[in-house]
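Survey of secondary and tertiary structure
Spelled out from the first residue to the last, the chains are:
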Amino acid sequence: MPDQTPATPRPSLTEIANRYGTDKGTVSPLPGWPAHNYTAVYEAHFEPLRDRPISILEIGLGVPGDHWEVRMAKGRNERGGASLRTWEEYFPSARIYGIDINPASHLDGGRIATFQANQGDAASLRAVLDRIPETHFDIIIDDGSHRPDHQQTTLGVCFPRLRPGAHYFIEDLLANGKGDRATGRMACDAVLSTRRLLRGWIETGEFETPHAIENAEELAPMIAEVALCVPKARRPPRGWRARIRRMFRDSPPQRASRGEQLAVIRKRET
Ligand SMILES: C[S@@+](CC[C@H](N)C(=O)[O-])C[C@H]1O[C@@H](n2cnc3c(N)ncnc32)[C@H](O)[C@@H]1O
């Protein structure tokens, strides 16, 4: 007789993310720090890849160190690396690569390998990519400094290393570029915000200047599609509405773009 015992359902990506304490899920990692609910979008893309022997690259690991203060490495995520641990559990056969400006070698082992590099420095990124045996990745996620010039430099260097037809994600798109009047460590006035740059690509198929993408003319036609998503966080903590209004202040002339937080960029098949 065939075995009638129902298989135990595996935890969802959101459940795993919430357990490790990354802010990509639906549970706030720390009091006053909102959860982004990106895992709802990620799971829609990742579920068909779950058991495949894929390779993942994430930039920005949430590890404490001297180069960047990381407040979220606390509690159940005390030594950082919550998102790499999430990918490791969700994808049982994947090889997982991480890059951070702070050292993260305590996460190395098994299917995880980490490297130290500054994502705002193309040469530093290339030197790391040269040490990774994969020629192409199935998933790339940028959750690093969130500075627009860094996001754009990283896109220029890493997007060509994405497998054809695969997806590249940029988290936390802010109104933090030229003309946005944003200040602080996540802002840069020398380039347009990445949100604005990608909106421009959606409208014209090209990247408006100023930006920090090397070889933009070669990169633009490699892109098949860009989606800008606003996943809603559940039960935002107190004070979050005022904070998000400041962070996502409209950047003229794109007044309708408030709240786009996650970019999903698909590479052409050929
Ligand atoms: C928001 S945390 C990443 C959180 C992590 N992905 C998670 O979900 O658990 C951002 C990380 O980006 C790193 N970072 C900041 N600036 C960077 C840079 N220029 N290059 C590479 N990593 C950087 C920080 O050290 C920090 O660990």
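Residues numbered from 1 in each chain as written. Predicted model: local features only at pLDDT ≥ 70, side-chain atom pairs only at ≥ 80, totals over all residues. Heavy atoms only, no water.

**Points about the overall build of the protein chain**
- Looking only at helices and strands, the protein chain features 8 helices and 7 strands.
- Within the protein chain, the proportion of its 270 residues that are buried is 53%.
- Contacts in the protein chain between residues at least 24 apart in sequence constitute 70% of all its contacts with a sequence separation of at least 6.
- Surface exposure of the protein chain reaches about 12,900 Å², of which carbon and sulfur atoms provide 50%. (Helix = DSSP H or I, 4+ residues; strand = E, 2+ residues; numbered from the N terminus. Buried < 20%, exposed > 50% of the residue type's maximum accessible area, 1.4 Å probe, protein only. Contact = heavy atoms within 4.5 Å. Areas by Shrake-Rupley, 256 points an atom, 1.4 Å probe, with all protein chains shown as cover.)

**Here's the deal with the site of the ligand**
- Taken together, 22 residues surround the ligand, and among them Thr22, Gly60, Asp100, Asn118 and Asp143 come closest.
- In this structure, a nitrogen atom belonging to the ligand sits 3.1 Å away from a main-chain N or O atom of isoleucine 101.
- Within the contact set of the ligand, a nitrogen atom lies 2.9 Å away from a backbone nitrogen or oxygen of glutamine 119.
- About the coverage of the ligand: the protein hides 96% of its 610 Å² of free accessible area.
- Considered class by class, the residues forming the shell around the ligand number 8 nonpolar, 10 polar and 4 charged. (Near = heavy atom within 4 Å. Polar contact = N/O pair within 3.5 Å; in protein donor to acceptor, adjacent residues only side chain to side chain. Nonpolar A, V, L, I, M, F, W, Y, C, P; charged D, E, K, R; others polar.)

**Concerning unusual backbone geometry**
- At the junction of threonine 209 and proline 210, the peptide bond is cis and its omega measures out at 0° in the coordinates.
- Tracing the backbone shows proline 210 in the loop between helix 6 (194-204) and helix 7 (216-219).
- One non-glycine residue with positive phi stands out, namely asparagine 37, at about 65°.
- You can see asparagine 37 is positioned in the loop between helix 1 (13-20) and helix 2 (39-46).
- When its relative accessible area of 14% is taken as the criterion, asparagine 37 is described as buried.
- Despite not being glycine, aspartate 172 shows a phi value in the positive range, around 60°.
- Looking at the secondary structure, you find aspartate 172 in the loop between strand 5 (162-170) and helix 6.
- Accessibility expressed as a relative area gives 11% for aspartate 172, which makes it buried.

**Looking at helix 5 (residues 148-158)**
- Among the 11 residues of helix 5, 11 are classified as buried, and the element is accordingly described as predominantly covered.
- Every buried residue of helix 5 is listed here: Pro148, Asp149, His150, Gln151, Gln152, Thr153, Thr154, Leu155, Gly156, Val157 and Cys158.

**Here's the deal with the side chain of glutamine 151**
- Along the chain, the position of glutamine 151 falls in helix 5.
- Not counting residues up to four positions away in its chain, the partners in contact with glutamine 151 are Gln119, Asp142, His146, Ile170, Glu171, Asp172, Leu173 and Thr194.

**A short note on the nonpolar core**
- Membership of the largest hydrophobic core comes to 36 residues, with the highest contact counts inside it found for Leu57, Tyr168, Phe207 and Ile265.
- Each residue touching isoleucine 265, except ones within four places of it in the same chain, is listed here: Leu155, Phe159, Leu162, Ala166, His167, Tyr168, Ile170, Leu198, Ile223, Glu225 and Val226.
- Core analysis: the second largest hydrophobic core is formed by 26 residues, Leu13, Leu61, Ala104 and Ile112 among them. (Core = buried A, V, L, I, M, F, W, Y, C linked by side-chain atoms within 4.5 Å.)

**Some points on the pairing of strand 7 (residues 262-267)**
- Within strand 7, 5 of the 6 residues are buried, leaving the element largely enclosed by the surrounding structure.
- For strand 6 (residues 223-229) and strand 7, the ladder comprises 6 bridges, and the chain directions are antiparallel. In the strand pairing of strand 7, alanine 227 is matched with valine 264. (Pairing = 2+ DSSP bridges.)

**Concerning the sheet that holds strand 2 (residues 95-100)**
- Spatially, 7 strands are ordered 3-2-1-4-5-7-6 in an open sheet, and the strand pairing comes out mixed. Taken across any chain shown, the strands that pair with only one partner, and hence form the sheet edges, are strand 3 (112-116) and strand 6. Within this sheet the neighbouring strands show an average axis-to-axis angle of 15°, counted without direction.
- Alignment of strand 1 (residues 55-59) against strand 4 (residues 137-142), held across 4 bridges, turns out to be parallel. Opposite glutamate 58, over in strand 4, you have isoleucine 141 as the bridge partner.
- The strands touched by helix 3 (residues 82-90) are strand 1, strand 2, strand 3 and strand 4; relative to strand 2, the strand with the most contacts, the crossing angle is about 170°.
- Against the sheet, helix 4 (residues 122-131) touches strand 1, strand 2, strand 3 and strand 4, its axis set at about 150° to strand 3. (Axes fitted to C-alpha atoms, helices over the stretch in contact; angles between N-to-C directions.)

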